[in-house]
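Residue-level structure breakdown
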Number of protein chains: 2
Amino acid sequence: MSNNSRNVPKATLQRYPVYLKALRQLKKQGLERILSDELSKHVQIKSTTIRRDLSFLGTLGKQGYGYSIEKLIDVFNEKLGTEFDEKIILIGAGNLGSALMHYNRWQYVVGEIACAFDVDPEKLVARYDVPVYPMSELEERIPKGCRIAILTASSDVQATVDRLAKCGIVGIVDFTHEHIRVPEGVKIKQVDVVSAIQELVFETNEMNI
Amino acid sequence: MSNNSRNVPKATLQRYPVYLKALRQLKKQGLERILSDELSKHVQIKSTTIRRDLSFLGTLGKQGYGYSIEKLIDVFNEKLGTEFDEKIILIGAGNLGSALMHYNRWQYVVGEIACAFDVDPEKLVARYDVPVYPMSELEERIPKGCRIAILTASSDVQATVDRLAKCGIVGIVDFTHEHIRVPEGVKIKQVDVVSAIQELVFETNEMNI
DNA sequence: CATATATTGTGAATTATTCAACAGATTTAG
DNA sequence: CTAAATCTGTTGAATAATTCACAATATATG
């Protein structure tokens, strides 16, 4: 009965990772089912919003019963591609890059970091089983079909982005503190402490405006 | 005095860091003024939206001329508190924490990391001039008036958050991969690779739903 | 098996955000 | 100095997102 591809609101898409994270935690705690009202308390999003968000993925809940946590997680995996066999590349193998290669080993599946690149010859050592190649070999070493890159290097950022786009990258997770313009068709997600802190400050200082 | 405060939309607040970042880059390039249409091309946000967003901060532009970049940056600093003398604390002094302490030295002013805390006795060495104290000394070592914490440690996350809230922290930048419930009055910003990648995947796979 | 109870899924109402259009301020050119 | 050109700030219309309210449907119970 579920509406085939109504277009999912952007705002909803941004909440899915929040649900997924909470659901995995609940599963780990041994829970098997959950009500939208309970989940609401966990993620601090209104239960109506949750139900509507989930309804885009199908008819997943049961009236009078709630949602099966296992089933929800499965649906996220299937429908939204979390189980995809995607190879992710990492640009920059410094402190931050190393931390990411380390996470790669124990975190929830989101694909895996296939390899890293760095301009510094001293950094070209595999860490946590992730090989690190010279930046100059990007075009030849990049895995076939690779779509997503994580950017932690901070030199020549704009040039690197353009180069990645040419290699077929369509999604970039950006850890740099630079302002970047992305080519048409490429999506970028900022993961930036400075911006995050600024947002916090802006919100907590708003009354002063 | 702040009663003329129209309330700034949440969406606008989230764009301010983007503008600020772009403006700083433009200033560095030697530019002195900019039109909303030009800025629009840089940040990839419609010029009308930009003008509206900026109008919440006052009458900053001049018809027929545009905006002074310097002035805009100043206003962000003054009105939104970027110049504040805030002390930020860091929880966790591992790879990621080290990267942040390093950034602390050369990045745009957003306050500074005053000190770090870690449970691991081996990590209690100052890095890049940031002292690292044992986690057990949080309550005594936390700087007076400290409001913002960066969370990179991944053990006992929820307990740590509750403890931070008791110490007066109202804003948390969260780098962990855990799902966290924050107490009333505390804001949290996720800075999470996994979620960022998921969002990218969700957006690029949306047609499959 | 029938009835009471609980909870989802969703139209309709509300609220928030974006965007187009334009009046009016400001600069620039002559 | 005056007129033409430019570009902001804002009004109001369009679009998007949230929330309400309740019918539909399941479970639980006696």
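Structure: above.
Structure report, in brief. (Residues numbered from 1 in each chain as written. Chains lettered and ligands numbered in written order. Predicted model: local features only at pLDDT ≥ 70, side-chain atom pairs only at ≥ 80, totals over all residues. Heavy atoms only, no water.)

Quick look at the overall build of chain A
The cut-off we apply is this: Strands are runs of DSSP state E lasting at least two residues, helices are runs of H or I lasting at least four, and both sets are numbered from the N terminus onward. Categorising residues by exposure relies on relative accessible area from a 1.4 Å probe, with only protein chains included: less than 20% of the type maximum marks a residue as buried, more than 50% marks it as exposed, and the intermediate range marks it as partly exposed. We call two residues contacting when some pair of their heavy atoms lies within 4.5 Å. Surface accessibility follows the Shrake-Rupley procedure with a 1.4 Å probe radius. Residue values consider only the protein chains on display as shielding.
Helix and strand counts for chain A stand at eight helices and eight strands. Overall size of chain A, expressed as C-alpha extent along the three principal axes, is 60 × 50 × 35 Å. Burial status across chain A gives 51% buried among its 209 residues. Taking the intrachain contacts of chain A between residues at least 6 apart in sequence as the baseline, contacts between residues at least 24 apart amount to 53%. Summed over its atoms, the accessible surface of chain A is roughly 10100 Å², and 48% of this surface lies on carbon and sulfur atoms.

Section: helix 1 (residues 10-28) of chain B
The cut-off we apply is this: The span expected for a helix works out to 1.5 Å for each residue beyond the first. Fitting one axis to the seven residues ending at a residue and another to the seven starting there, the bend at that residue is the angle between the two axes.
Between its first and last C-alpha atoms helix 1 of chain B spans 29 Å; for 19 residues at 1.5 Å apiece the expected length is 27 Å, and the two agree. The axis of helix 1 of chain B is deflected most strongly, by about 25°, at Tyr16(B), and proline Pro17(B) appears within four residues downstream. Within helix 1 of chain B, burial applies to Thr12(B), Leu13(B), Tyr16(B), Pro17(B), Tyr19(B), Leu20(B), Lys21(B), Ala22(B), Leu23(B), Arg24(B), Gln25(B) and Leu26(B). Looking at the buried residues of helix 1 of chain B, the elements they touch are strand 8 (187-190) and helix 8 (193-204) of chain A together with strand 1 (33-34), helix 2 (36-43), helix 3 (47-55) and helix 4 (69-80) of chain B.

Regarding the layout of surface pockets
Condition: Residues are said to line a cavity or pocket when one of their atoms sits within 4 Å of a point; the points come from a 1 Å grid over protein atoms alone, cavities being sets where a 1.4 Å probe fits but cannot get out and pockets being open sets with protein on both sides within 12 Å along at least five of seven lines. Grid points are joined across faces, edges and corners, and a volume is the space filled by probe spheres set on the points. Classification convention: Asp, Glu, Lys, Arg as charged; Ala, Val, Leu, Ile, Met, Phe, Trp, Tyr, Cys, Pro as nonpolar; all other residues, Gly among them, as polar.
What the second largest pocket holds in volume is close to 450 Å³. Forming the boundary of the second largest pocket are 28 residues, of which Gly92(B), Thr152(B), Ala153(B), Ser154(B) and Ser155(B) lie nearest the centre. When contributions to the lining of the second largest pocket are tallied by element, the ones reaching two or more residues are helix 5 (95-106) of chain A together with helix 5 (95-106), strand 4 (112-118) and helix 7 (157-166) of chain B. At four residues, the largest contribution of residues to the lining of the second largest pocket is made by helix 5 of chain A. Looking at side-chain class alone, the lining of the second largest pocket contains twelve nonpolar, eleven polar and five charged residues.

Let's talk about the protein's contact with DNA strand D
Convention followed: Proximity is defined per residue: any heavy atom of the residue falling within 4 Å of a molecule or strand makes that residue near it. Whenever two N or O atoms come within 3.5 Å, that pair is a polar contact, provided that in protein one can donate a hydrogen and the other can accept it, and provided that, for residues adjacent in sequence, both atoms are side-chain atoms.
As a matter of local geometry, DNA strand D sits amid 24 residues, with Arg15(A), Ser36(B), Arg52(B), Gly61(B) and Tyr67(B) nearest to it. Within 4 Å of the protein, the atoms of DNA strand D are drawn from sugar and phosphate moieties in a proportion of 55%. Contacts to DNA strand D include Arg52(B), whose side-chain N or O atom sits 3.3 Å from a base oxygen. Here Tyr67(B) contributes a side-chain N or O atom positioned 2.5 Å from a phosphate oxygen of DNA strand D. Contributing elements (two or more residues each) for the surface near DNA strand D: helix 1 (10-28) and helix 3 (47-55) of chain A together with helix 3 of chain B. Of all the elements, helix 3 of chain A adds the most residues to the surface near DNA strand D, at four residues. Of the residues contributing to the surface near DNA strand D, the split by class is six nonpolar, ten polar and eight charged.

With respect to the relation of the copies chain A and chain B
Worth spelling out the cut-off: To superpose the copies, least squares is applied to the C-alpha atoms of every residue with a pLDDT of at least 70 in both.
It takes a turn of 180° to lay chain A on chain B, together with a shift of 0.0 Å along the axis; the resulting RMSD is 0.1 Å. Taken together, the rotation and translation describe the operation of a two-fold axis. Same-surface contact between copies: 99% of interface residues of chain A are shared with the interface of chain B.

Describing the sheet that holds strand 6 (residues 148-151) of chain A
Neighbouring strands of a sheet are bound in pairs by backbone hydrogen bonds; such pairs are parallel or else antiparallel. All names here are of chain A. The condition that has to hold: Paired strands, as defined in this entry, are two strands with at least two bridges between them according to DSSP. Convention adopted: a line fitted to C-alpha atoms gives each axis, helices being fitted over their contacting stretch, and angles between N-to-C directions are expressed from 0 to 180 degrees.
Strand order in the open sheet made by the six strands is 5-4-3-6-7-8, with parallel pairing throughout. Looking along the sheet, the strands with just one partner apiece sit at the ends: strand 5 (132-134) and strand 8. Neighbour to neighbour, the strand axes of the sheet diverge by 25° on average, direction disregarded. With five bridges joining them, strand 3 (residues 87-91) and strand 4 (residues 112-118) adopt parallel strand pairing. Note that in strand 4 the partner of Lys 87 across the bridge is Glu 112.

Remarks on the sheet that holds strand 3 (residues 87-91) of chain B
The strand order across the open sheet formed by six strands is 5-4-3-6-7-8 (chain B), and the pairing between neighbours is parallel. The sheet is open, and its two edges are formed by strand 5 (132-134) and strand 8 (187-190) of chain B, each paired on a single side. Going from strand to strand, the sheet's axes swing by 25° on average, the running direction of each strand aside. Where helix 8 of chain A meets the sheet, its contacts fall on strand 3, strand 6 (148-151), strand 7 (171-174) and strand 8 of chain B, and the angle it forms with strand 8 of chain B comes to roughly 160°.

Here's the deal with the packing of aromatic side chains
To be explicit about the condition: To pair, rings of Phe, Tyr and Trp, with the six-membered ring standing in for Trp, must have centres within 6.5 Å; the planes then decide the type, stacked if under 30 degrees apart, edge-to-face if over 60, and tilted in the middle. Remark: a charge is flagged as sitting over a ring if the NZ atom of Lys or the CZ atom of Arg is within 6 Å of the ring centre and within 35 degrees of the ring normal.
One pass over the full model with this rule turns up ten aromatic pairs over all chains. Residues Tyr16(A) and Phe76(A) carry aromatic rings whose centres are separated by 5.2 Å and whose planes lie at 70° to one another, so their mutual orientation is edge-to-face. Of this pair, Tyr16(A) sits in helix 1 while Phe76(A) sits in helix 4 (residues 69-80), and the two are 60 residues apart along the sequence. A relative accessible area of 0% means that Tyr16(A) is categorised as buried. Here Phe202(A) and Tyr16(B) contribute two aromatic rings whose centre-to-centre distance is 5.9 Å and whose plane-to-plane angle is 75°, an arrangement assigned as edge-to-face. In this pair, Phe202(A) is assigned in helix 8 and Tyr16(B) in helix 1, connecting two distinct chains. Pair check on accessibility: Phe202(A) and Tyr16(B) agree, each one buried. By way of ring pairs, the aromatic residues Tyr16(A), Tyr19(A), Phe76(A) and Phe202(B) are connected into one cluster. The aromatic ring of Tyr65(A) is capped on one face by Arg33(A), whose charged end is 4.2 Å from the ring centroid.

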